[in-house]
Amino acid sequence: MKLIKYLFTVLASLILSINIAIAEKWDMALAYGAGNFHSANATEFANNVSKKSGGKLTIVTHPGGSLFKGGEIFRAVRTGQAQIGERFMSALGKEDPLLEVDSQPFLATSYSDAMKLYKASKPEIVKSLDSKGLIFLYAVPWPAQGLYSKKEINSVSDLKGLKFRAYNSATIRIAELTGMAPTKIEAAEISQAFSTGAVESMITSPTTGKNKKIWENGVKYFYDIAAWFPKNMVIVNKKSWNSLDKETQELVMKEAALAERKGWQLSKQGNVADKKALAAAGMVVGKVNSTLRSHFEKVGATMAKEWTSKAGSRGASVLSAFKY
Ligand code: PCA
């Protein structure tokens, strides 16, 4: 009897230890608020994986920068402080200029071109992230980027000296080339920056303006320049990835592909609906005049040259794959 009891205990602890070895819990760092479509999509992805993995992997999401702020997420995932996270790709140009190809003005100005550019750049990006100890899962664009301003902008000289909120090197460069005064500010601090008067203009999506209720901070104008579609990507720490069995890895990749498709759809819907929401909130939603547009296009051409020389032969082959 004693022996049976002993064997039973051994067996029970064995089963328990096997379970512990197999069951993984990942914390997913998200920079944007729970109501943002990127976060909602990532949460659905996380829930689907958790549900379908049979208890082998649970992904817990932490939206709104509650685990790590936007600017910290790449490093946190790389070092394994968070096993998985989402980051705005084009803020990582210092890591790899290819990550900011989607923020080059007027390179891809429609969803179908943005998809083409994504496909052309993805293999190199996946490889470069892998060499930094990261597994790429999926990427989803923000709606088309437009110019927000407290004051009306009718001419090139109206841009001069405007205090401008930038979110990456490309938007800093646009500001410099158009005579605005840029400050880099993460999305989480937008409302405060506008309400204190630290900034008075920015370029971002109708979605971010709507989510921030930007009209409450004295921003009256939205100019739909639609010059690029920057993406967020979801990445996993490679060590965490390697601790999953093959079946679970396949499940994660399958759900990631679904999340990517859904995310692009949500983005397209937001691109229409969120502009309407800005107008419904009383903002003036329109286009820049043709002089301003060609001014921005010239800036785009200068930046394309600068980026090409920064991105070297890898950049050149991405561009030729895109144009092909
Ligand atoms: N919203 C984010 C990135 C691009 C966008 O549309 C932001 O403004 O920071």
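These numbers come from a predicted model, not from an experiment.

Caption draft 1: Spatial organisation of the site of the ligand. Near the ligand, the surroundings consist of Phe-88, Trp-142, Gln-145, Arg-165, Tyr-167, Ala-187, Thr-204, Ser-205 and Thr-208. Here a nitrogen atom of the ligand sits 2.7 Å away from a polar atom, N or O, in the side chain of Thr-208. Protein burial of the ligand: of its 260 Å² of free accessible surface, 99% is covered by the chains. Residues of the shell around the ligand, tallied by class, amount to four nonpolar, four polar and one charged.

Caption draft 2: Main features of the side chain of Asn-168. One can find Asn-168 in the loop between strand 6 (163-166) and helix 6 (169-178). At 2.9 Å, the side chain of Asn-168 and the side chain of Ser-90 are in polar contact. Here the side chain of Asn-168 touches Ser-103 through a polar contact of 3.3 Å, side chain to side chain. Contact partners of Asn-168, with chain neighbours within four places excluded, come to Phe-88, Ser-90, Ala-91, Ser-103 and Lys-184.

Caption draft 3: Quick look at the environment of Phe-296. Mapping Phe-296 onto the fold places it in helix 11 (residues 290-323). Sequence separation of Phe-296 and Ile-174 is 122 residues, and the distance between their C-alpha atoms is 8.1 Å.

Caption draft 4: How the structure looks around the packing of aromatic side chains. With the rule as written, the count across this model stands at 10 aromatic pairs. Residues Tyr-111 and Trp-264 carry aromatic rings whose centres are separated by 6.5 Å and whose planes lie at 70° to one another, so their mutual orientation is edge-to-face. Taken together, the residues Tyr-111 in helix 4 (residues 111-131) and Trp-264 in helix 10 (residues 246-280) connect sequence positions 153 residues apart. A relative accessible area of 12% places Tyr-111 in the buried class.

Here is what the cut-offs are and how they apply
Residues numbered from 1 in each chain as written. Predicted model: local features only at pLDDT ≥ 70, side-chain atom pairs only at ≥ 80, totals over all residues. Heavy atoms only, no water. Near = heavy atom within 4 Å. Polar contact = N/O pair within 3.5 Å; in protein donor to acceptor, adjacent residues only side chain to side chain. Areas by Shrake-Rupley, 256 points an atom, 1.4 Å probe, with all protein chains shown as cover. Nonpolar A, V, L, I, M, F, W, Y, C, P; charged D, E, K, R; others polar. Helix = DSSP H or I, 4+ residues; strand = E, 2+ residues; numbered from the N terminus. Contact = heavy atoms within 4.5 Å. Phe/Tyr/Trp six-rings, centres within 6.5 Å; stacked < 30°, edge-to-face > 60°. Buried < 20%, exposed > 50% of the residue type's maximum accessible area, 1.4 Å probe, protein only.

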